[in-house]
Amino acid sequence: QAGECGGVDALCDALKRYSGHENLQQVGLWAMGSLSANMSEMAGRCGKKGGIALAISAMRNFPENPQMQEMGCWALANMAASNHKCADYIGKKEGPETIIAAMKAFPKAPNVQYTAVVALSHLGSEAAIQKLLSLPAFALFQ
């Protein structure tokens, strides 16, 4: 497996080194999401290597790219779904805000909406829920 032979390290290093390369970032987030899917250990490795911050950074660096937003949500969703520590970390950092920003930026992009909703659904920690409820988008629920 790629994750077991240094793949996560190489992936995160490439995302850091080439933060301005849009295509590499997009494919890198897809790879991170795929490595993390249903594999707690791989999701944890991605998180420990800075994968969560890298995903959020890529989404913020390329806000006009709907595929980047989709792949960022995909990566965050799979890390959160597979590893509760990742879910807590995403929820405590700028994860919810970044995911909601993607939804607002692309309201007519079903793939962005879908992956964003999946990502948000996995941020079930008390801290994440409180952070989500504090956002203006959720003011109606208070």
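Structure shown above.
I will try to describe carefully the structure that is included in this document. (Residues numbered from 1 in each chain as written. Predicted model: local features only at pLDDT ≥ 70, side-chain atom pairs only at ≥ 80, totals over all residues. Heavy atoms only, no water.)

**Considering the state of the cysteines**
Which entries qualify depends on this criterion: Here, the term disulfide refers to a pair of cysteine sulfur atoms separated by no more than 2.5 Å. Any residue under 20% of the maximum accessible area for its type is buried, any over 50% is exposed, and the rest in between are partly exposed; the area is computed with a 1.4 Å probe on protein chains only.
One pass over the full model with this rule turns up 0 disulfides. Unpaired in this structure, C12 has its nearest cysteine sulfur neighbour in C46, at a distance of 5.4 Å. Relative accessible area serves as the criterion here: at 0%, C12 is assigned to the buried category. Of all cysteine sulfurs, the one in C46 lies closest to C86, which takes part in no disulfide; the gap is 7.6 Å. Here C86 falls in the buried class, since its relative accessible area comes to 4%.

**Details of the pattern of salt bridges**
Put simply, the rule is: Take a side-chain nitrogen of Lys or Arg and a carboxyl oxygen of Asp or Glu: if they are within 4 Å of each other, that pair is a salt bridge. Every helix listed is a DSSP run of H or I at least four residues long, and every strand listed is a run of E at least two residues long, numbered separately from the N terminus.
One pass over the structure, following the stated rule, counts 2 salt bridges. The partner of K49 in a salt bridge is D9, and the shortest N-O contact between them spans 3.8 Å. Of the two residues, K49 is situated in the loop between α3 (40-48) and α4 (51-61) and D9 in helix α1 (residues 7-17); the sequence distance between them amounts to 40 residues. Between R45 and E41 there is a salt bridge, with the nearest N and O atoms lying 2.7 Å from each other. One end of the pair, R45, and the other, E41, are both in helix α3, 4 residues apart, so they sit about a helical turn from each other. Look at E41 and you get exposed, because its relative accessible area is 52%.

**Observations regarding helix α5 (residues 66-82)**
What counts is decided by this rule: Here the expected span of a helix is defined as 1.5 Å times the quantity of residues minus one. As used in this structure description, the phrase polar contact means that two N or O atoms lie within 3.5 Å; if the pair is within protein, one of them must be able to donate a hydrogen and the other to accept it, and residues adjacent in sequence are counted only when both atoms belong to side chains.
With 17 residues, α5 should reach 24 Å at 1.5 Å per residue; the first-to-last C-alpha distance of 24 Å fits that figure. The buried count for α5 comes to 13 of 17 residues, which makes it a mostly enclosed element. Of the residues flanking the start of α5, the one acting as N-cap is N65, its side-chain oxygen 2.9 Å from the backbone nitrogen of Q67.

**Notes on unusual backbone geometry**
Glycine aside, negative phi is the norm for most residues, and most peptide bonds take the trans geometry. Of note in this structure, N38 is not a glycine but carries a positive phi near 60°. Here N38 is to be found in the loop between α2 (22-36) and α3. Residue N38 is classed as exposed on the basis of its relative accessible area, which comes to 76%.

**So, the nonpolar core**
As a reminder, the rule being used: To form a nonpolar core, buried Ala, Val, Leu, Ile, Met, Phe, Trp, Tyr and Cys residues must be joined to one another through side-chain atoms within 4.5 Å. The contact definition used throughout considers only heavy atoms, calling two residues in contact when any of these lie within 4.5 Å.
Counting 39 residues, the largest nonpolar core has M32, I52, L76, M79, I90 and I99 as its most contacted members. For this core, the secondary-structure elements that each account for two or more residues are α1, α2, α3, α4, α5, α6 (84-92), α7 (95-105) and α8 (110-121). Sorting elements by how many residues they give to this core places α5 first, with 8 residues. With residues near it in sequence (within four places) discarded, M32 still touches L11, C12, L15, C46, G51, A75 and M79.

**Thoughts on the environment of K93**
Structurally, K93 can be placed in the loop between α6 and α7. Residue K93 is classed as partly exposed on the basis of its relative accessible area, which comes to 36%. Taking the C-alpha atoms as reference points, K93 and I52, separated by 41 residues in sequence, lie 9.1 Å from one another.

**Some points on the packing of α4 against α7**
As a reminder, the rule being used: Here an angle of 0 to 180 degrees is reported between the N-to-C directions of two axes, which are lines fitted to C-alpha atoms, with helices fitted over the stretch in contact. The crossing is said to be left-handed when, going from far helix to near helix, the turn is anticlockwise and less than a right angle, and right-handed when the turn is clockwise. Polarity classes work like this: nonpolar for Ala, Val, Leu, Ile, Met, Phe, Trp, Tyr, Cys and Pro, charged for Asp, Glu, Lys and Arg, and polar for all others, with Gly in that last group.
With their axes 10 Å apart at the nearest point, α4 and α7 run at an angle of 35° to one another. Crossing hand, α4 versus α7: left-handed. For the pair formed by α4 and α7, the contact residues are I56, M59 and R60 on the first element and G95, E97, T98 and A102 on the second. Its residues placed into classes, the contact of α4 with α7 shows 3 nonpolar, 2 polar and 2 charged.

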